[in-house]
Amino acid sequence: MGLSGVLHVEVEVKSPAEKFWVALGDGINLFPKEFPKDYKTMQVLAGDGNSPGSIRLIIYGEGSPLVKVSAERIETVDLENKSMTYSIIGGEMLEYYKTFKGTITVTPKGGGSILKWSAEFEKTGHEIEDPHVIKDFAVKNFKEIDEYLLKQSSV
């Protein structure tokens, strides 16, 4: 198996695409507050935290299976198509992956949404596993955000 690869996953959620996209955009504030098991803190180190060139430092909670600290740079944002690409530029992930670029896209489906997450990566060595654990963490987060949004809309 090669050192480079791509992973994809789709998750169907009940929350409308616009609400989900807004929640992702407010992740800096929302995630540590509502999901402290997964996210201890998130800080903006450069930019506004949501536009290309922004850098965010994430300190993960005990719910994070692989790393406890990562820095990510927002590479692209497509507001019309509700899509965002980020690269990991610091933290423990770089011990496992020379490069890691993730893309999240939120697409309307009926009254809910389809979330598409993909990652392009290059491992630091053949002994390193493909980042399925990161993919599973993303899926778990999407489901938790959906539950949160559904509770908020019923209040």
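Quick caveat, the model's predicted, so the values are computed rather than measured.

Here we take up the environment of Val13. Topologically, Val13 is positioned in strand β1 (residues 4–13). We classify Val13 as buried; its relative accessible area is 5%. Measuring from C-alpha to C-alpha, the distance between Val13 and Ser153 comes to 14 Å, with 140 residues separating the pair along the chain. Beyond its immediate sequence surroundings of up to four residues, Val13 is in contact with Phe20, Gly112, Ser113, Leu115, Phe142 and Asp146.

The subject of this paragraph is the UniProt feature "domain: Bet v I/Major latex protein" (unreviewed entry) in the protein. On the UniProt side, "domain: Bet v I/Major latex protein" (unreviewed entry) is annotated at positions that read residues 2–152 here. Between the C-alpha atoms that bound residues 2–152 the distance is 44 Å, and the span itself is 28% helix and 45% strand.

This next bit is on the packing of helix α1 (residues 17–25) against helix α2 (residues 27–34). In a pair of packed helices, the angle between the axes and the distance between the axes together describe the arrangement. Between α1 and α2, whose axes approach to 6 Å, the crossing angle comes to 85°. It follows from the interaxial angle that α1 and α2 lie roughly perpendicular. Between α1, through Ala23, Leu24 and Gly25, and α2, the contact on the second element is made entirely by Gly27, Leu30 and Phe31. Class assignment of the residues belonging to the contact of α1 with α2 gives a composition of 4 nonpolar, 2 polar and no charged.

Turning our attention to the pattern of salt bridges. Side-chain pairing between opposite charges can occur once the charged atoms of the two side chains come close. Under the defined criterion, the tally for this structure stands at 9 salt bridges. A salt bridge links Lys140 to Asp38; the shortest N-O distance between them is 2.5 Å. Of this pair, Lys140 sits in helix α4 (residues 132–154) while Asp38 sits in the loop between α2 and β2 (39–46), and the two are 102 residues apart along the sequence. Residue class for Lys140 comes out partly exposed when judged on its relative accessible area of 29%. Between Lys98 and Glu122 there is a salt bridge whose closest N-O contact spans 3.8 Å. On the criterion of sequence distance, the pair formed by Lys98 in strand β6 (residues 97–109) and Glu122 in strand β7 (residues 112–123) is long-range, its members being 24 residues apart. When its relative accessible area of 25% is taken as the criterion, Glu122 is described as partly exposed. Members of the salt-bridge network, linked through shared partners, are Asp38, Lys140 and Glu144.

Let us look at the side chain of Thr105. Among the secondary structure elements, Thr105 is positioned in strand β6. Given a relative accessible area of 18%, Thr105 falls into the buried group. In contact with Thr105, other than residues within four places in its own chain, are Asn81, Lys82, Ser83, Ile114, Leu115 and Lys116.

Cut-offs and rules
- Residues numbered from 1 in each chain as written.
- Predicted model: local features only at pLDDT ≥ 70, side-chain atom pairs only at ≥ 80, totals over all residues.
- Heavy atoms only, no water.
- Helix = DSSP H or I, 4+ residues; strand = E, 2+ residues; numbered from the N terminus.
- Buried < 20%, exposed > 50% of the residue type's maximum accessible area, 1.4 Å probe, protein only.
- Contact = heavy atoms within 4.5 Å.
- UniProt positions renumbered as here; feature names shortened; annotations may be inferred.
- Axes fitted to C-alpha atoms, helices over the stretch in contact; angles between N-to-C directions.
- Parallel < 35°, antiparallel > 145°, perpendicular 65-115°, else oblique.
- Nonpolar A, V, L, I, M, F, W, Y, C, P; charged D, E, K, R; others polar.
- Salt bridge = Lys/Arg side-chain N within 4 Å of Asp/Glu carboxyl O.

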